[in-house]
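These are the residues of each chain, in order.
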Amino acid sequence: MGTSEYAQAGVDYTLIEPFKRHMIEVGRQTLAFPFIKHNVMVRSAEHGAVFEYRGTRPHRFCSVLEGLGNLNWIAEWMYEFSGTGKTYYDVIARAAALIIAIDVIAQGARPVLWEDGVSAGDSEWFADEKRRDDYGKGALAVCRELGMALPAGESPSLKYIIKAHPPVVSCPDLMGQITGIIVPRGQEIKSDRMKVGDSILVCPSTGLGANGISLVIKRALDLPEQFLTRLPTGRTLGEECLIPIRSYAALVAALLDNEVAIHNILPATGDGVGKLAFDKRSFNYRIHSWVPVPPLFRYMRELGVTLSNCLKTFNWGAGIYFFVSPSEVERAIFVANAAGYELVEVGCVEEGERQVIFEPEGITLPPPGQ
């Protein structure tokens, strides 16, 4: 039988279907995780998923839709040009989930259901078994860690929409939705509780995360060895970019379950350190000290990226922010340490003009979008 005209037009189901079947099998292995960890029953349905809370405490659900951005372009570059044979798609699957999950846990919720989307510009992308298996392995691992199911997803070939930037030949857009449960309902985080005098706590990141990838790619492609440039850490630039993203779900759960009074949780994603001024009220965020700055960001400075651009683009070593009363700082740090995390008090909320006063570098940052 010859190739169908639809396949010639860019949608070849003989190449896509094995990827779909593999991810269905991965998803089947995750269905029990939410019940074991969060008392939420999930089952796959013909056109999606059905889920319900089987506990007795008052609860509510929340949902977040988010995309990974350009991080997997670096993975594709490394797979094609590094010579290691590593696809890094286990790391990418983890990142694709956690970039959504961090917005879920910021609401005081526990992630229970992930629906992923892998949209490629060609059917051939789905045919790579090694990349497919690594993506499935990463998805299974992050679901197990968070107590989350992957009951459904989507994997279209969008020839006329998605086209990778050279020299990468093909790179999918990764997007998904995570549903979380807030239980008991009183654990919901509402940012209007944040007030003048609150202390700002930071849990450090593992590195780049998903912030500022476009700037890193732009700078890397101008280097003689591009992502194979060796950094002082001994890792290549590509390896440094693809350090697995940290999950903060267990940290938030520990703080909430130990009844630490959290006034606000803010993911350190988008707009760098300037994200601290995300709230529309006229607050200043005075930062008197900071966490260690990852080597990748110091290298960006060596390449000539200005300090203000670094601070407004990269997380600069921050993973997630917590706002608490000064009286809660010591207990929050103790609970975090017991859960295996580090929390560092870095500043406070003041009356002001809605800006970040970053004293460690003597610079003032405007709020997001400015």
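Residues numbered from 1 in each chain as written. Predicted model: local features only at pLDDT ≥ 70, side-chain atom pairs only at ≥ 80, totals over all residues. Heavy atoms only, no water.

Across its full length, the protein chain carries 12 helices and 13 strands. A compact globule built from 370 residues would reach a C-alpha radius of gyration of about 21 Å, and the protein chain, at 21 Å, matches this within 12%. C-alpha extents for the protein chain along the principal axes are approximately 70 × 60 × 35 Å. Taking all 370 residues of the protein chain together, the buried fraction comes to 55%. Carbon and sulfur atoms form 52% of the exposed surface of the protein chain, whose accessible area is close to 16200 Å². Averaging the positions of the 36 positive and the 43 negative side-chain charges in the protein chain gives two centres separated by 3 Å. (Helix = DSSP H or I, 4+ residues; strand = E, 2+ residues; numbered from the N terminus. Rg over C-alpha atoms; globule rule 2.2 N^0.38 Å. Buried < 20%, exposed > 50% of the residue type's maximum accessible area, 1.4 Å probe, protein only. Areas by Shrake-Rupley, 256 points an atom, 1.4 Å probe, with all protein chains shown as cover. Lys, Arg positive; Asp, Glu negative; His and termini not counted. Charge placed at Lys NZ, Arg CZ, Asp CG, Glu CD.)

The 7 strands lie next to each other as 8-10-7-11-9-12-13, forming an open sheet whose pairing is mixed. This sheet does not close on itself; its edge strands, each paired only once, are strand 8 (262–267) and strand 13 (363–365). Averaged over neighbouring strand pairs, the angle between their axes works out to 25° when direction is ignored. Across 3 bridges, the pairing between strand 12 (residues 355–358) and strand 13 is antiparallel. Its bridge partner lying in strand 13, Ile 357 is registered against Thr 364. Contacting strand 7 (199–204), strand 8 and strand 10 (318–324), helix 9 (residues 249–257) runs over the sheet at an angle of about 15° to strand 10. (Pairing = 2+ DSSP bridges. Axes fitted to C-alpha atoms, helices over the stretch in contact; angles between N-to-C directions. Contact = heavy atoms within 4.5 Å.)

A word on the nonpolar core. By size, the foremost hydrophobic cluster in this structure holds 119 residues, and its most contacted members are Trp 114, Phe 227, Tyr 285, Trp 290, Trp 316, Tyr 321 and Phe 322. For this core, the element with the highest residue contribution is helix 5 (residues 89–105), accounting for 13 residues. Formed by 9 residues, the second largest nonpolar core is a distinct cluster that contains Val 40, Tyr 53, Val 112 and Val 183. (Core = buried A, V, L, I, M, F, W, Y, C linked by side-chain atoms within 4.5 Å.)

The next thing to look at is the sheet that holds strand 6 (residues 173–182). Spatially, 3-6-4-5 is the arrangement adopted by the 4 strands of the open sheet, whose pairing is mixed. Bordering the open sheet on either side are strand 3 (60–67) and strand 5 (149–154), each of which pairs with just one other strand. Ignoring strand direction, the axes of neighbouring strands in this sheet form an average angle of 20°. Pairing geometry for strand 3 and strand 6, over 8 bridges, is antiparallel. Directly across from Arg 60, in strand 6, lies its bridge partner Ile 182. With respect to the sheet, helix 2 (residues 13–30) is in contact with strand 4 (110–119) and strand 5, its orientation differing from that of strand 5 by roughly 160°. Here helix 5 sits on the sheet in contact with strand 3, strand 4 and strand 6, set at roughly 40° to strand 6.

Our focus in this paragraph is the pairing of strand 7. The buried count for strand 7 comes to 6 of 6 residues, which makes it a mostly enclosed element. Where strand 7 meets strand 11 (residues 344–351), 4 bridges bridge the pair, whose relative direction is antiparallel. Counted as the bridge partner of Ile 200 is Gly 347 from strand 11. One ladder, built from 6 bridges, connects strand 7 with strand 10; its direction is antiparallel. For Cys 203, the partnering residue across the bridge sits in strand 10 and is Ile 320.

Right, let's talk about the packing of helix 2 against helix 6 (residues 129–146) for a bit. For the pair helix 2 and helix 6, interaxial distance at closest approach is 10 Å and the crossing angle is 20°. Judged on the interaxial angle alone, helix 6 and helix 2 are roughly parallel. Crossing geometry of helix 2 relative to helix 6 is assigned as right-handed. Facing helix 2, whose interface residues are Pro 18, Phe 19, His 22, Met 23, Val 26, Gln 29 and Thr 30, helix 6 presents Arg 132, Asp 133, Tyr 135, Gly 136, Ala 139, Leu 140 and Cys 143. Partitioned by chemical class, the residues of the contact of helix 2 with helix 6 number 8 nonpolar, 4 polar and 2 charged. (Parallel < 35°, antiparallel > 145°, perpendicular 65-115°, else oblique. Left-handed = near helix turned anticlockwise from the far one by under 90°. Nonpolar A, V, L, I, M, F, W, Y, C, P; charged D, E, K, R; others polar.)

This paragraph deals with the packing of aromatic side chains. On inspection of all chains with the given rule, the structure shows 15 aromatic pairs. Here Tyr 89 and Trp 125 contribute two aromatic rings whose centre-to-centre distance is 5.7 Å and whose plane-to-plane angle is 65°, an arrangement assigned as edge-to-face. In this pair, Tyr 89 is assigned in helix 5 and Trp 125 in the loop between strand 4 and helix 6, connecting sequence segments 36 residues apart. On the basis of relative accessible area, Tyr 89 is assigned to the buried category, the value being 0%. Owing to a relative accessible area of 3%, Trp 125 belongs among the buried residues under this scheme. Taken together, Phe 19, Tyr 89, Trp 125, Phe 126 and Tyr 135 form an aromatic cluster joined through their ring pairs. Here Lys 275 stacks its cationic end above the ring of Phe 278, 5.6 Å away from the centre of that ring. (Phe/Tyr/Trp six-rings, centres within 6.5 Å; stacked < 30°, edge-to-face > 60°. Lys NZ or Arg CZ within 6 Å of the ring centre and 35° of its normal.)

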